[in-house]
Amino acid sequence: MQSFSALLRVVLLVTVTSVSASSFFRIPLTKLAPTNSYLAGLPDADRARAAFLKSFASGGSTTVPASNLAYVQYTTSVGVGSPPTYYNLVVDTGSSNTFVGTGIPYVRTSTSIFTGEDVNVTYGSGYFSGLEYFDQVTLAPGFAITNQSIGDALSYADFEGVDGIVGVGPVILTEGTLSPSTDELIPTVMNNALSQGLITEEILGVSFAPATSYNDTNGALTYGGIDSSLYIGEITYTPVTATYPAGYYWGVNVTDATYGSTTTVIPTSTAGIVDTGTTLVLLADNFFESYMRAIPGAKIDESTGLMTVPESSVSKIEPLNFTIGGTVFSLDAAAQLIPIDQNTAWGLSANKQYGIVSYLGTNSGEGLDFIIGQKFMEKYYAVFDTDSNRVGFAYTEHTFTTYAP
C-alpha cells in the first residue's frame with residue numbers, strides 16, 4: 001500500500017444503472033485532492049510494496065463506482081453490518097483480506113460474529129492488526145454477502161484518509177494472516193459472492209480513467225463479469241503466470257517491451273503482476289535504466305524518487321509498448337507523464353515534468369520483474385478472471401490521448 005499520510009477522506013457518490021442482457025449495478029469511483037503533499041514518499045512506498053509482494057512464500061454481474069483519491073488510489077463504498085455502516089475501502093488486487101477501522105471505526109451490529117481469531121496483514125509500507133469477525137458486507141444495493149470475514153483494525157499504519165481495504169486478490173494471499181489458525185484460508189468477497197449465488201462467474205472487471213478534477217467519479221468495478229460499455233473492441237486474455245512469486249498474485253508474462261521502435265526495455269518473456277494497489281508502473285532496475293536512457297536528459301529526482309524529463313524532451317516522448325498475450329498495449333506520452341498542472345496538488349515542484357514509470361528496486365530475474373499499476377489501468381480496461389485463471393486487457397476511450405502539459 002502506498003503511504004496514505006496526506007489523503008482526504010473520500011466521499012463516494014453512488015449511482016445505479018441497470019443494463020440489459022446481464023443485469024448489473026454500475027457504481028462510479030472518484031479522485032479526491034490531497035490535503036498536502038501526497039507524492040512525497042509515494043514512489044518509495046510503491047517500491048516497498050513491491051519488495052513485500054516479492055517476499056511472499058507460499059447470477060448476473062454488479063458494477064459499482066470506484067473513487068480516485070488524490071490521483072493515486074481508488075476506493076469503493078462498502079457497507080458492513082445490518083444496518084450497514086459505509087466505509088471507503090481501497091480497491092486492492094494485490095491483497096485478499098477485507099478490513100475496516102482505519103478511519104471510521106468498525107461498528108458491530110446483530111450480524112457481527114467474533115471468530116476468536118486475531119488477524120494481521122502487512123502491505124509493504126503499511127499494516128493492520130486486529131480481530132476477525134464474520135459480518136454482512138454490502139457491495140451494492142441488493143448485493144449483500146453474509147458471513148464475510150472482516151478485520152477490525154485495532155492498530156495500523158499508513159492508512160490515513162481511508163477506512164481500510166477490500167481485498168480482491170487470490171485467496172492464497174490470506175494464508176498466514178489469522179492466529180491461531182495460521183494455515184486457514186479466508187474466503188474473499190469474490191469467493192463468497194460466488195458461493196452465495198450473488199454472481200455466477202468469479203470475475204472482476206476494473207475500469208479506471210485519468211482524473212480531470214480533484215473529485216472525479218470516473219471508475220467502476222464489475223463484480224461477477226465485465227461491462228462491455230467500458231471498453232472498446234476485444235479483450236486480450238493471458239494466463240496467470242506459473243513463475244514464482246508473481247504467480248501467487250494476478251501475475252502475467254510480458255513477452256517483451258520496447259520504447260519507440262528501436263529501444264528494447266524488456267528483451268524476453270518475463271513475469272510481473274497487475275496491481276490496483278500500486279500507483280505507478282514499476283520496472284526492474286535494469287529494464288528501467290534502458291527506458292530512462294532512451295529519453296534525452298531524463299533522470300531520477302532524488303527528493304521524490306520519480307523520473308524527471310527536461311522540457312526539450314517532452315515533445316519527443318515515444319510510446320512504451322508492452323506485448324501481453326500477443327497484443328501490444330502502448331503507453332503514449334500522456335500515459336507516461338504526470339500533467340504539470342497536477343504537480344502542486346501532489347506536492348511536486350511546480351515547473352518540473354515527472355514520469356509515472358519508475359524503478360522496482362531490484363534487477364530482473366527474481367520472478368517479479370514489473371508491476372502494472374493504476375496508471376496503466378487508467379488507459380486500459382482490466383479483467384481478473386478467477387474461473388479461467390487469467391487476466392485480460394482491452395482498449396478504452398482513454399487509451400490514446402493528446403498530452404497537454
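Above this text is the structure in question.
Residues numbered from 1 in each chain as written. Predicted model: local features only at pLDDT ≥ 70, side-chain atom pairs only at ≥ 80, totals over all residues. Heavy atoms only, no water.

**Q** Outline the sheet that holds strand β21 (residues 320–324), supporting the account with residue identities and numerical values.
**A** Taken in spatial order, the 4 strands make up an open sheet running β16-β15-β21-β22, and their pairing is antiparallel. Both edges of this open sheet fall to β16 (263–266) and β22 (327–331), since each of them pairs with a single strand only. Neighbour-to-neighbour, the strand axes of the sheet open up by a mean angle of 25°, direction not taken into account. Bridge count between β21 and β22: 5 bridges; the pairing is antiparallel. Each bridged residue has a counterpart across the sheet, and for Leu-320 the counterpart in β22 is Leu-331. Here helix α3 (residues 285–293) sits on the sheet in contact with β15 (256–259), β16 and β21, set at roughly 155° to β16. (Pairing = 2+ DSSP bridges. Helix = DSSP H or I, 4+ residues; strand = E, 2+ residues; numbered from the N terminus. Axes fitted to C-alpha atoms, helices over the stretch in contact; angles between N-to-C directions. Contact = heavy atoms within 4.5 Å.)

**Q** Break down the pairing of strand β7 (residues 127–140) for me, with residues and values.
**A** Relative to β7, strand β3 (residues 73–80) is paired through 2 bridges, and the arrangement is antiparallel. Of the residues in β7, the one forming a bridge with Val-80 is Val-137. Here strand β6 (residues 113–122) pairs with β7 via 7 bridges, running antiparallel. If you follow Phe-114 over to β7, its bridge partner there is Tyr-133. Hairpin connection from β6 to β7: 4 residues lie between these consecutive antiparallel strands, with Gly-124 at a positive phi of about 90°. Examined bridge by bridge, β7 and strand β8 (residues 143–157) share 12 bridges and lie antiparallel to one another. By the bridge assignment for β8, Tyr-127 is matched with Ala-157. Between β7 and β8, which pair antiparallel and follow one another directly, the connecting turn spans 2 residues, one of which, Gly-142, has a positive phi of 80°.

**Q** Give a description of the sheet that holds strand β17 (residues 270–274) that names residues and reports values.
**A** The 5 strands are arranged β14-β17-β24-β18-β23 in an open sheet whose pairing can be described as mixed. Each edge of the open sheet carries a strand with a single partner, namely β14 (251–254) and β23 (357–359). In this sheet, adjacent strand axes meet at a mean angle of 35° when their direction is disregarded. Two strands pair when backbone bridges link them, and strand β18 (residues 281–283) and β23 are joined in this way by 3 bridges, in the parallel orientation. Of the residues in β23, the one forming a bridge with Leu-283 is Tyr-359. Packing against the sheet, α3 makes contact with β17, β18 and β23, and its axis sits at approximately 135° to β23.

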